[in-house]
Structures are given as C-alpha cells and as structure tokens.
Amino acid sequence: MDDSKIIELFFERQEQAIIELSNKYGSVCSKVAFNILNNKQDTEECVSDAYLGAWNTIPPQNPNPLLSYVCRIVRNLAIKKYHANTAAKRNSIYDVALDELENCFPSSVSVEDDFNVIETARIIDEFLATLNQKNRIMFVRRYWHSDSIDDLAKLFQTSNHNISVRLSRTREKLKKYLIKEGVSL
Amino acid sequence: MKKKKISETINNINFNYIDEATQYKGAIKNHFPKIWYKWAAVAACIALVLAIGFPFAKDLFISSDYKDIADTVMLIEYDNAYLEIIEEPKNNEKFGVKNEITEAVIGKHLVYLQKEFPEAERSNYIVANKETNIELLEYAPAPYKAVQIFRDGDKYYYAWFCNYLIKTNESLPIQKAFEVYGIDDASDIVSITPTKNDNTWITNDKAITDSAIISEFYNEIFVLTAFSFDDYHDFMFADELKELEQIGNNIDSEAYTRVADDRKDIIIETTDGLRFMMHYYPSYSWINVTTTMSYYQMSPEITKWFKNNIK
C-alpha cells in the first residue's frame, strides 16, 4: 500500500492504518530498534510504542516520507529504553557504533558542560555536506540507524573490510573537522 | 555521559540526511550471476565503486533481508541476457522512456515468461515453454534490445537491458553494446554527456552535441579491442594484489579503491531518446561498458578525445 494511503487511514482514524504500517515497515522498524536494544522483547515493545506514537501524532503530522518519520520515533524510543536499562549488558550494534564514534570527539573534561548538542549536530550536518553521498549514507546508517558492518556490506554490495575502512576514514575526517570547529566533550 | 551526549547529538542531525539514508535502496543494481559468483569476493569492491553493473547471484536475489528497505530487483533472463524490470517509475525517464506505458508504445509479442521460482513473491523470470499470462513485448518506438515491455497480468513495466550473459573469460566487441541501443553509426548518437560518477546520472558538464566530435568518438571507440573481465583484472591488479598479499594486507583494499576513485562516467543518448552509461578510467586508460560486461583498452586517439572534449 502507498504511504499516502496509509496516512489517509491514520487521518480517518482507522486502526487498519497500524496494520498496514506494520506490514510495510515493521521489519525495518524492528531492525532499527534491535540494533540499539539487542533484545527481541524490548524491540517488540519499542516498535509497538512507536506505532502508538505514530497514531497519536498523525494527524496533525502528515509525514513525508513516512518511513523516515516512523524510524525516528522507533529510534528515539529505543534509545530511551536503552538508557533506562543501562544495568543490562547490551553489546548491541548501537554500543559498538557509539564506541567507534566516541574517539572522534576530542575530550576536554573541564568544558563538558559547555557541550551543546544542537550546535554540535549542526556542525556534523556541515561535515556531512562535505562527504560524497555514498560515504554520507554509510555514516548515517552506521551511526543513526546503527546498522551492522555486515548489513552495510550487503547494502553497498562490498566487503566488510571495505566498509570498515571507509567508516574509519570518515571518522578520522570528522575528528579533524570537529577539532577545527573547536568542539570538545 | 560522553556516549549519551554523542548519541543525542547524532539524534539531532538534519532530518534530510536521515531520510536520504533511510530511503537508500542499495548500491546500483550490480548483480552477479552464478557463473561469476566465484569472483564476488575478489570483485566486491569493484562492483561497488566501479559500478560495473553485474547482475546479482540469483540465490541472493530472492532471499534478501532488505525486502522492505530496498526491494531486490527482478530480472528476466532472455536471449542470453539479463533485463531488469523497472518498478520505480522515476527510473524510466533516466533511461529515456516515458513513464506511462500506453498502447502506443506496446509492440509485438516476443516471448512468454514464467517465474523461475513460482513459490517466491519476488523472483527472476525465465522463458516459458507454453503460453502464460506473463510476457515480454517490444517497445514500439525503439524496438531494440535496450528496452522492452514486461506484462504480468494487467500490469505493465519497462524491462531494461542489463547485460549479456557471458563468462568472465569472454568478451564482446563494443559494437554489441551499440546494437542494443539501435546505434548503427555515429549519426544515431545525439549527445554524449559527462555525469557525476555516483550513478545518479546527474550531468556535471554540458552535453556534447557537435556531430563531428561525436563521429570522432564513435570511430575511435569502435575499433578498440575488447578484453574479458579476467584479462582486465589480471592486467590491472594481479601484480599489485600479489604484493599486497605478501605483505599481509587485505587484498580487497587499496588497489580497487584507487581505480574506483578514477572512474568517470558519460551518458550516450540516441536519436530514439534512449540513454546508456559508459565508464572510463582516464589514469588507467580503460573503458568499461556494462552492457557487454567487457573492458576496452583506450587508444592514444580516444584518450586524446576524452582529454579534449571532457573536463
């Protein structure tokens, strides 16, 4: 079913909207959540909550594209759940991806409070604009979607090694960019 | 604390970038048929960045884990070639055909088809030995191999020529590629346009439309010797890969990336409005045409042509 039809169902407050949303994007949503949570039960709960989130926000929202919108809800909920349960040993792809990214941010304990999430996100936006499309997508899929290296290798039809090397080069560039812009954490 | 802030930061990156990545349907549809599958590991890098245009292994084809986020393509195996069924209408214009399939463009019946794996929701199609409700028809405005019409019941799609099915130690002359698009001589080409090398088909320089320049291109490219993938690969990489292997480096690393970064693309448009892409590697003097799955070593004349006419 077309996204526009699914949104129409949401606007008409028909519960079929959730079924169609689940049929069409359920597996993608589950993947995003599972990459972060590494736990099937948590993933299911998170995706169900995300559907509810979509139900509560459409209308008034009329998201286009629908998939990115729902993925964003899923990711937000999954991260919330992840932080709520830090005692659990996760070992999720999200953990690994965050570990990778941590080294890009120059450390400066004294200025931690000065770290501005929104401003830094804007600087990362600028950095992403300097990348070619392939490297940019690879970066976002790794660090926003928390895709595994295996998944990325399949998606880009290349080897795991190639993905790792490309990501590593991009992180190195990001680190330099952040230093140049005076970002520290 | 640091990780949490990084996570929050990433969460706040521009929605357009998230959207771009979420909608991404995978690298260009490079599909490795079984006969080339042994090469997949070695050539994976090339397949990605050189965008050679090999067809997927059929086995991978129906069992993708990416169904929702990137539906796998459906291919038709017909007349010793692969055709790709174009389900995304916006791709049609890229190839030079109108989005809508009307009676006016539906040509004569070519062959009946059937699913290769009838139980699969998405499967390749092969020639059926009896009448079925699935068929391949000619594209009436330009009845060449380049584009045909695929009918499944009452649904019609364009089917675009991917490549001939040849082995990696075989090659085809460049004329075979031109034939596919109905090019018999230089006058059948209306333009040659440089494009970005990211498979977006976005032009990055003005189109060459001067008939004398096009004629020179055609005459020079027409006489180039064809090389198989195996020969090309040995020629380009064998020594270097051997060295890398000896010093313990992963063989799929630098050599492929270096060549891939050199790639430049041109789009050739025919008088019928059909378009196809050709890759060339100016620093290494090779041309690759996905239609024929073959490589052509550039002569001094064609090298000069590219130098003079494309920035």
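Higher on the page you've got the structure.
Remember, it's a predicted structure, so these values are computed and weren't measured experimentally.

Calculation criteria
Residues numbered from 1 in each chain as written. Chains lettered and ligands numbered in written order. Predicted model: local features only at pLDDT ≥ 70, side-chain atom pairs only at ≥ 80, totals over all residues. Heavy atoms only, no water. Helix = DSSP H or I, 4+ residues; strand = E, 2+ residues; numbered from the N terminus. Contact = heavy atoms within 4.5 Å. Buried < 20%, exposed > 50% of the residue type's maximum accessible area, 1.4 Å probe, protein only. Polar contact = N/O pair within 3.5 Å; in protein donor to acceptor, adjacent residues only side chain to side chain. Salt bridge = Lys/Arg side-chain N within 4 Å of Asp/Glu carboxyl O. Pairing = 2+ DSSP bridges. Axes fitted to C-alpha atoms, helices over the stretch in contact; angles between N-to-C directions.

Caption draft 1: Quick look at the overall build of chain B. For chain B, the count of helices and strands is ten helices and 13 strands. The contacts in chain B between residues at least 6 apart in sequence include a share of 62% that link residues at least 24 apart.

Caption draft 2: Representation of helix α2 (residues 15-23) of chain B. Taken residue by residue, α2(B) has B:Tyr17, B:Ile18, B:Asp19, B:Glu20, B:Ala21 and B:Thr22 as its buried positions. Sitting at the amino-terminal end of α2(B) is B:Asn14, which places a side-chain oxygen 2.7 Å from the backbone nitrogen of B:Asn16.

Caption draft 3: Representation of the pattern of salt bridges. This structure, assessed with the given rule, holds 16 salt bridges over all chains. Two residues, B:Glu20 and A:Arg136, come together in a salt bridge whose shortest N-O distance is 2.8 Å. Placement of B:Glu20 in helix α2 and of A:Arg136 in helix α7 (residues 133-143) is noted, with the two residues assigned to different chains. When its relative accessible area of 19% is taken as the criterion, B:Glu20 is described as buried. Take A:Arg136: its relative accessible area is 12%, and that puts it in the buried class. Across the salt bridge formed by B:Lys176 and B:Glu179, the nearest N and O atoms sit 4.0 Å from each other.

Caption draft 4: Layout of the side chain of B:Arg263. Residues and elements named next belong to chain B. Among the structural elements, Arg-263 can be located in the loop between α9 (254-262) and β10 (264-270). Within the structure, the side chain of Arg-263 is placed 2.5 Å from the side chain of Asp-265, a separation counted as a polar contact. Only 3.4 Å separates the side chain of Arg-263 from the side chain of His-279, close enough to count as a polar contact.

Caption draft 5: Spotlight on the sheet that holds strand β3 (residues 106-115) of chain B. Residue and element names in this part refer to chain B. One closed barrel accounts for seven strands, arranged β1-β2-β7-β6-β5-β3-β4; its pairing is mixed. Neighbour to neighbour, the strand axes of the sheet diverge by 35° on average, direction disregarded. In terms of strand pairing, strand β5 (residues 134-139) meets strand β6 (residues 147-152) through five bridges, oriented antiparallel. Bridge pairing in β6 links Ile-134 to Asp-152.

Caption draft 6: A look at the sheet that holds strand β9 (residues 226-227) of chain B. Residue and element names in this part refer to chain B. Judged by pairing direction, the sheet is antiparallel, and its six strands sit side by side in the order β8-β10-β11-β12-β13-β9 without closing on themselves. In this open sheet, the two strands that pair with only one neighbour each are β8 (189-195) and β9. Where β10 and strand β11 (residues 275-281) come together, six bridges link them in antiparallel fashion. Opposite Ile-267, over in β11, you have Met-277 as the bridge partner. Set on the sheet, helix α7 (residues 211-222) makes contact with β8, β10, β11 and β12 (286-289); between it and β8 the angle comes to about 85°.

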